Amino acid sequence: MTSAETTALVTRWVRPAVRAMAAYQVPDATGLVKLDAMENPYVWSHDLRQAWTQRLCEVDVNRYPDPHARALAATVRDTMGIPPDAGLLLGNGSDEIIQMLAVTLGGDGRTLLTVEPGFVMYRMIAEFTGMQYEGVPLASPAFSLDTDAILSAIERTGPALVFLAVPNNPTGNLFAEADILRIVESAPGVVVIDEAYAPFNDQSFIDRLERYPNLLVMRTMSKMGLAGLRLGLLAGPRAWIDEIDKTRLPYNINVLTQESARFALEHKAVLDAQTDQIRADRETLFKALSDMSGVSPFPSDANFILFRTGNGRGSMIHRGLRERGVLIKNLDGAHPMLADCLRVTVGTPEENRQFLAALDAALSSG
Ligand SMILES: *Cc1c(COP(=O)(O)O)cnc(C)c1O
């Protein structure tokens, strides 16, 4: 029970930008085939778990972690091919890095610019850190960059921070490299290329880090199979990274994550085999969706597929899937360009079959 007095105090003191927000919603997936959050569906073998927990036995939890996670950072540099001269910052998930960027570059009516439909955390973090938010619509119908619109929005708002997720979430497509580079060259502030889905395609800007003074690349271990560990990274010119690092809370990467992520990256071949499998299964799933009447999928370079269902039936079909035991993401209503759109994460072949069967049933029962 909240008393009227508490309500009055909350209204008076919570910053209006925070009060106006809706909390990030995570639906309960208990008992459902979970294909809503771009998780890797594969677990580790018994032997690998044994070796991992053996390593964790050696970790002392009475001490604070290494504040710079040096051993893990060295492994990350090696496995991700970060240029030796570039700076590197680790975050408790890349969401935390987005927040550090907003704290470092925001305030004073400064603007965060991105494209829409896009990753919702950019907007949420802009709002609760008090930045102006500018979402430039993607071009219809294939969700490519509307470069002219972006360049004029850049000129109008002079953004401190530009985010481009490549491939984009929730649409799944890559953007043309030439368009991205024009944006990097025209932006007055930092441009962050968010490569959260790097394991599922062959495009990366990591090897261009040295060539642009305002280009940063962000990645996460989440989509490659370590979502539970919470580890993201930001690479770019050291002068930027050193400033952003000042806003990082000390010990943000806990000892268990430091040791576990290092272990996982030492066995990256296991994760690579899993993500290769997901890539292959994405093509099978895409073809099955293309062959189905009443839905049209958008091509994807990530581990999920966005698809449109016919005339006003998106939310109903999402519900129908859930009633049949399959949870995916409903994007109907999230943005005008996403009317009747749903997003499914590529699961195991068996999960994908269950999803397709449930979708088939949901489509014919409406
Ligand atoms: C999932 C996702 C992230 C967040 O990753 P975490 O490291 O789990 O916080 C960042 N950017 C995009 C585009 C994503 O889809």
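Figured I'd write up the structure that's included with this text. (Residues numbered from 1 in each chain as written. Predicted model: local features only at pLDDT ≥ 70, side-chain atom pairs only at ≥ 80, totals over all residues. Heavy atoms only, no water.)

**Observations concerning the overall build of the protein**
Helices and strands together make up the secondary structure of the protein, namely 14 helices and 13 strands. Against the globule reference of 21 Å for 366 residues, the protein gives a C-alpha radius of gyration of 21 Å, in line with a compact fold. Across its three principal directions, the C-alpha atoms of the protein cover 55 × 55 × 55 Å. Among the 366 residues that make up the protein, the fraction classed as buried is 50%. Relative to all contacts within the protein whose residues are 6 or more apart in sequence, the contacts with residues 24 or more apart total 72%. (Helix = DSSP H or I, 4+ residues; strand = E, 2+ residues; numbered from the N terminus. Rg over C-alpha atoms; globule rule 2.2 N^0.38 Å. Buried < 20%, exposed > 50% of the residue type's maximum accessible area, 1.4 Å probe, protein only. Contact = heavy atoms within 4.5 Å.)

**Description of the side chain of Thr-309**
Inspection of the secondary structure assignment puts Thr-309 in strand S10 (residues 304-309). Since its relative accessible area comes to 3%, Thr-309 is described here as buried. Of the polar contacts made by the side chain of Thr-309, one reaches the backbone nitrogen of Gly-314; its length is 3.3 Å. (Polar contact = N/O pair within 3.5 Å; in protein donor to acceptor, adjacent residues only side chain to side chain.)

**What to know about the sheet that holds strand S8 (residues 232-236)**
As summarised here, the arrangement of the seven strands in space is S2-S8-S7-S6-S5-S3-S4, forming an open sheet in which the pairing is mixed. In the strand order of this sheet, the two ends are held by strand S2 (87-91) and strand S4 (132-137), each with one partner. Pairs of neighbouring strands in the sheet enclose a mean axial angle of 20°, with direction left out of account. Contacts between helix H5 (residues 94-105) and the sheet are confined to S2, strand S5 (161-165), strand S6 (190-194), strand S7 (215-220) and S8, with S2 contributing the most and set at about 115° to the helix. (Pairing = 2+ DSSP bridges. Axes fitted to C-alpha atoms, helices over the stretch in contact; angles between N-to-C directions.)

**With respect to the pattern of salt bridges**
For side chains of opposite charge, pairing can occur when their charged atoms come near one another. One pass over the structure, following the stated rule, counts 21 salt bridges. Residue Arg-55 pairs with Glu-266 through a salt bridge whose shortest N-O separation is 2.9 Å. In this pair, Arg-55 is assigned in helix H3 (residues 46-57) and Glu-266 in helix H11 (residues 255-266), connecting sequence segments 211 residues apart. A relative accessible area of 24% means that Arg-55 is categorised as partly exposed. Between Lys-246 and Glu-243 there is a salt bridge, with its nearest N and O atoms 3.0 Å apart. We classify Lys-246 as exposed; its relative accessible area is 62%. For Glu-243, a relative accessible area of 40% gives the class partly exposed. Via salt bridges that share partners, Arg-55, Glu-259, Arg-262 and Glu-266 belong to a single interconnected network. (Salt bridge = Lys/Arg side-chain N within 4 Å of Asp/Glu carboxyl O.)

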